[in-house]
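Listed here are the chains, written in short residue letters.
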Amino acid sequence: MIVRQRLASVSALIVFVALSPMALAAGWSSVQTPKNSFLDGLGCRSTRWCMGVGTGRTGLTAAFWNGRRWKLIARPRLPAHAEGGSLSAVTCRSEQACVAVGLFATGQYRPERPLIERWNGRAWRIETAPTAPAPAPYRASNTYLAAVACPGARLCFAVGHAVPFGAGNAPGGPLIERWNGSRWRLASSPPGDSPLTALSCTATRICTAVGGFEYVTGTPDAGNEQVRYASIVERWSGSTWSLGSLTPPAGADGAGLLGVSCTSLNTCMGVGSQLNTVNAVQGVNQSIAGAGDGTLFSAAPVPNPPGADRGGSSSGEPQTVLTAIACTTSAQCAAVGHYEATNGALGPLAAIWNGTGWAQTALRRGPVALSSVACPALGWCLSVGDGIAERWIG
């Protein structure tokens with residue numbers, strides 16, 4: 001059974017903090033989340049100040065982490081004509097300046113539109129986000145923003161995807177929007193057949209965006225179905241975006257990076273998954289990680305975690321996907337995602353990079369996923385997604 005990529009909501013919250021070993025035990029442990037809230041995106045200024053965004057039972061939600069617990073704050077609002085929406089990512093340049101992105105919908109048979117909101121320290125304000133034009137013969141596009149970064153006081157990028165409305169399971173194409181200090185505009189992006197799902201900037205002239213999407217072409221009636229994996233890497237040079245590339249693991253039938261974190265101008269680490277097909281319409285996903293210079297990446301599979309092989313799978317293999325990553329240095333990164341054990345059990349997945357190798361942990365927290373990551377200090381991590389939060393002490 002293929003583990004499907006859930007593009008709209010996959011992000012996880014991890015934070016590294018220097019604490020005494022006597023204060024908290026080493027390893028991963030649960031952290032209580034705000035009641036009735038599902039945080040998907042995270043931005044941290046320090047181990048004592050993080051902003052989380054997501055959805056709640058009554059709409060959008062936002063919460064503040066003070067180093068010990070989460071506290072709900074003023075809720076982001078949906079546009080007046082919206083019938084629903086979500087926030088999937090947030091970035092903060094200061095405690096009074098955050099930007100969150102996602103999508104909203106105005107009806108069941110109408111296209112989804114991009115959502116951008118700005119925090120001023122007291123309240124959220126909706127900003128006008130341009131919608132991607134639709135290629136002929138379509139009239140509109142579903143437009144979704146998955147990640148955001150603000151490398152300068154007057155420069156932000158938001159990335160995501162645009163799919164022609166009514167195009168079914170097509171992967172769509174990359175979408176980039178740019179804020180110039182006063183308004184958001186569509187930015188020119190090289191053509192591609194994959195959405196952008198993650199973004200990392202180390203300077204106003206250096207950003208890297210990545211993405212991947214697993215989908216099936218053909219139809220059952222025609223008997224020509226085939227599972228495929230589209231991927232993309234893009235690099236901002238200060239004036240234009242250009243295509244990079246991913247070298248997939250040897251023997252993989254497809255691979256894509258879903259998360260990326262850069263610690264210097266030319267030092268980045270990406271995570272995602274590779275596809276190993278079982279037959280034309282069925283495959284097994286395995287986590288991958290790859291270092292790169294921000295333009296060129298080379299990936300290798302990450303060893304499956306203990307506890308994921310529990311028997312009962314027709315393929316005989318567990319499935320693992322890493323969807324987000326944050327690196328404090330080139331020798332310390334945390335990545336999160338989800339796994340499916342061989343007996344069908346689902347759960348959150350967490351991984352740590354120590355500079356020489358990866359160690360994955362299959363957390364027993366129920367059928368949920370971790371979706372966002374932030375690392376403001378060495379040795380301490382916090383992760384969120386699907387109504388759970390996890391802290392790592394290293």
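Residues numbered from 1 in each chain as written. Predicted model: local features only at pLDDT ≥ 70, side-chain atom pairs only at ≥ 80, totals over all residues. Heavy atoms only, no water.

Draft legend 1. Spotlight on the environment of Ile73. Position of Ile73 relative to the elements: it lies in the loop between strand 5 (70-72) and strand 6 (84-94). Residue Ile73 is classed as partly exposed on the basis of its relative accessible area of 23%. In the structure, Ile73 is positioned 22 residues away from Met51 in sequence and 9.6 Å away in space, judged by C-alpha atoms. Here Ile73 is in contact with Met51, Ala62, Ala63, Phe64, Trp119 and Trp124, once residues within four sequence places are set aside. (Helix = DSSP H or I, 4+ residues; strand = E, 2+ residues; numbered from the N terminus. Buried < 20%, exposed > 50% of the residue type's maximum accessible area, 1.4 Å probe, protein only. Contact = heavy atoms within 4.5 Å.)

Draft legend 2. Seen up close, the sheet that holds strand 16 (residues 226-236). Read across the sheet, four strands follow the order 14-15-16-17 without closing on themselves; strand pairing throughout is antiparallel. Looking at strand neighbours, the two that pair on one side only are strand 14 (198-203) and strand 17 (241-243), the edges of this open sheet. With strand direction ignored, the average angle separating the axes of adjacent strands in the sheet is 20 degrees. Where strand 16 meets strand 17, three bridges bridge the pair, whose relative direction is antiparallel. Across the sheet, residue Arg235 finds its bridge partner in strand 17, namely Ser242. (Pairing = 2+ DSSP bridges. Axes fitted to C-alpha atoms, helices over the stretch in contact; angles between N-to-C directions.)

Draft legend 3. Spotlight on the packing of aromatic side chains. Here the structure, examined in full by the defined rule, presents nine aromatic pairs. Seen in terms of ring centroids, Trp49 and Phe64 are 5.8 Å apart; in terms of plane orientation they differ by 55 degrees. Their pairing is tilted. Taken together, the positions of Trp49 in strand 3 (residues 49-56) and Phe64 in strand 4 (residues 59-65) put the pair 15 residues apart, joining distant regions of the chain. Judged by its relative accessible area of 8%, Trp49 falls in the buried class. Note on Trp236 and Trp241: the rings are 5.8 Å apart at their centroids and 40 degrees apart in plane angle, and the pair reads as tilted. Taking the relative accessible area as the measure of exposure, Trp241 reaches 7% and is therefore buried. The rings of Trp65, Trp70 and Trp380 are connected pair by pair, giving a single aromatic cluster. (Phe/Tyr/Trp six-rings, centres within 6.5 Å; stacked < 30°, edge-to-face > 60°.)

Draft legend 4. Expanded view of the sheet that holds strand 25 (residues 346-353). Pairing in this open sheet of four strands is antiparallel, and the strands run 23-24-25-26 from one edge to the other. In this open sheet, the two strands that pair with only one neighbour each are strand 23 (319-329) and strand 26 (358-362). With strand direction ignored, the average angle separating the axes of adjacent strands in the sheet is 20 degrees. The sheet contact formed by strand 24 (residues 332-340) and strand 25 spans eight bridges and is antiparallel. Within strand 25, the residue paired with His338 across the bridge is Pro348.

Draft legend 5. Highlighting the nonpolar core. Core analysis: the biggest nonpolar cluster contains 16 residues, and Met269, Val271, Leu322, Ile325, Cys333, Ala335 and Trp358 have the highest contact counts within it. For this core, the secondary-structure elements that each account for two or more residues are strand 20 (267-279), strand 23, strand 24, strand 25 and strand 26. (Core = buried A, V, L, I, M, F, W, Y, C linked by side-chain atoms within 4.5 Å.)

Draft legend 6. Representation of unusual backbone geometry within the structure. Look at Asn36: it is not a glycine, yet its phi comes out positive at around 60 degrees. Looking at the element boundaries, Asn36 is found in the loop between strand 1 (27-30) and strand 2 (37-46). Within the chain, Asp386 stands out as a residue other than glycine whose phi angle is a positive 55 degrees. When you line up the elements, Asp386 lands in the loop between strand 28 (380-385) and strand 29 (388-393).

Draft legend 7. Examining the pattern of salt bridges more closely. Summed over all chains, the structure comprises three salt bridges. Note that Glu127 is salt-bridged to Arg125, the shortest N-O span being 2.9 Å. According to the relative accessible area criterion, Glu127 is buried, its value standing at 13%. Taking relative accessible area as the criterion, Arg125 reaches 44% and is therefore assigned partly exposed. (Salt bridge = Lys/Arg side-chain N within 4 Å of Asp/Glu carboxyl O.)

Draft legend 8. Region of the structure containing the environment of Ser86. By the secondary structure assignment, Ser86 is in strand 6. C-alpha separation for the pair Ser86 and Thr61, spaced 25 residues apart in sequence, amounts to 8.9 Å.

Draft legend 9. Just the confidence of the model for the chain, in detail. Residues at a pLDDT of 70 or more form 88% of the chain, whose mean pLDDT is 88. Between residues 1-22, whose pLDDT stays under 50, and residues either more than four places distant or in other chains, the model counts 117 contacts. (pLDDT = per-residue confidence, 0-100.)

Draft legend 10. Broad picture of the side chain of Arg118. For Arg118, the location among the structural elements is in strand 8 (residues 113-119). The class of Arg118 is buried, set by a relative accessible area of 15%. A distance of 2.6 Å separates a polar atom in the side chain of Arg118 from a polar atom in the side chain of Glu127. Residues in contact with Arg118, not counting those within four places in the same chain, are Cys98, Val99, Ala123, Trp124, Arg125, Glu127, Trp179 and Trp184. (Polar contact = N/O pair within 3.5 Å; in protein donor to acceptor, adjacent residues only side chain to side chain.)

Draft legend 11. Seen up close, the state of the cysteines. Tallying each qualifying case throughout the model produces six disulfides. Disulfide partner of Cys201: Cys207, at an S-S distance of 2.1 Å. Across the S-S bond linking Cys201 and Cys207, the dihedral sits near 110 degrees, which makes this disulfide right-handed. Since its relative accessible area comes to 0%, Cys207 is described here as buried. Paired through a disulfide, Cys262 and Cys268 show a sulfur-sulfur distance of 2.0 Å. Disulfide Cys262-Cys268: the torsion about the S-S bond is 100 degrees, which places it as right-handed. For the residue pair Cys262 and Cys268, the accessibility class agrees, reading buried in each case. Sequence-ordered numbering of the bonded cysteines in the chain yields a pairing of 1-2, 3-4, 5-6, 7-8, 9-10, 11-12. Free cysteine Cys375: the closest other cysteine sulfur is in Cys381, separated by 4.6 Å. A relative accessible area of 14% places Cys375 in the buried class. Judged by its relative accessible area of 0%, Cys381 is buried. (Disulfide = S-S within 2.5 Å.)

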